[in-house]
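Overview (structure and organization)
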Amino acid sequence: MNNRITYRFVFTLLLLLPALPAAHAGDSAENFIKKAAALNLFQIHSSELADERAERDETKALAREILGAHKNAQRALASAAEAEGMAVPGPMDNEYTQKLAALKDAPASDFDAAYMSAQVSAYAAVGGLYQDFIKTGEAGEIRAFAEKSYPEMHMMETRVNSQSAQNVVTDGED
């Protein structure tokens, strides 16, 4: 049991540090696109993995919702970027590639907790990124995308945090 707790603690730290920095005042649309695309790709790939590996039905169901939300967000981001004469970067950045690799390596018995921890961390980054860009980004298609997408991202963050808290309580009852 101690090894399981230690693994979860270390895994949580790995996912939280370093967190993707949020957009800052004056951050460009290009930087927002790069960061939002990296988060979308991580959410897509990690949720595909969770759909395959998660043991709990609730985790799989949430992963499917996250997968759909972020596939839609990635398409909408690409459309907004194209309207502004920009492109969405293709591959996931190194930070999120490492986090996805850590999820792939998680033992089956710890996968659900590891996945939920990754989602809590990713949605914290999403919330800060979108809120900051909505406040400080240039008016245009990219900011309009952020404004339109943020409510769904915030709703998903709330669901992830709630389910993560429920999983901790349930795990404590084992």
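Just above sits the structure.
Residues numbered from 1 in each chain as written. Predicted model: local features only at pLDDT ≥ 70, side-chain atom pairs only at ≥ 80, totals over all residues. Heavy atoms only, no water.

A few points about the packing of helix α2 (residues 29-53) against helix α4 (residues 94-105)
Two elements in contact, α2 and α4, have axes separated by 10 Å at closest approach and are oriented at 10°. As far as their axial angle goes, α4 and α2 are roughly parallel. Facing α2, whose interface residues are Ala 38, Leu 39, Phe 42, His 45, Ser 46, Leu 49 and Arg 53, α4 presents Tyr 96, Lys 99, Leu 100, Leu 103 and Lys 104. Class assignment for the residues of the contact of α2 with α4 results in seven nonpolar, two polar and three charged. (Axes fitted to C-alpha atoms, helices over the stretch in contact; angles between N-to-C directions. Helix = DSSP H or I, 4+ residues; strand = E, 2+ residues; numbered from the N terminus. Parallel < 35°, antiparallel > 145°, perpendicular 65-115°, else oblique. Contact = heavy atoms within 4.5 Å. Nonpolar A, V, L, I, M, F, W, Y, C, P; charged D, E, K, R; others polar.)

Points about the packing of α2 against helix α5 (residues 111-136)
Packing of α2 against α5 brings their axes to within 10 Å, and their N-to-C directions diverge by 160°. One finds that α2 runs roughly antiparallel with respect to α5. The element α2 and its partner α5 pack so that their crossing is left-handed. Taken together, the residues of α5 that come into contact with α2 (itself represented by Ala 29, Phe 32, Lys 35, Ala 36, Leu 39, Phe 42, Gln 43, Ser 46, Ser 47, Leu 49, Ala 50 and Arg 53) are Phe 111, Tyr 115, Ala 118, Gln 119, Ala 122, Tyr 123, Ala 125, Val 126, Leu 129, Tyr 130 and Phe 133. Of the residues contributing to the contact of α2 with α5, the split by class is 17 nonpolar, four polar and two charged. (Left-handed = near helix turned anticlockwise from the far one by under 90°.)

Regarding the pattern of salt bridges
Inspection of the entire model under this criterion finds four salt bridges. Between Arg 64 and Asp 51 there is a salt bridge; the shortest N-O distance is 2.8 Å. Residue Arg 64 is found in helix α3 (residues 57-83), and its partner Asp 51 is found in helix α2; the two are separated by 13 residues along the sequence. When its relative accessible area of 27% is taken as the criterion, Asp 51 is described as partly exposed. (Salt bridge = Lys/Arg side-chain N within 4 Å of Asp/Glu carboxyl O. Buried < 20%, exposed > 50% of the residue type's maximum accessible area, 1.4 Å probe, protein only.)

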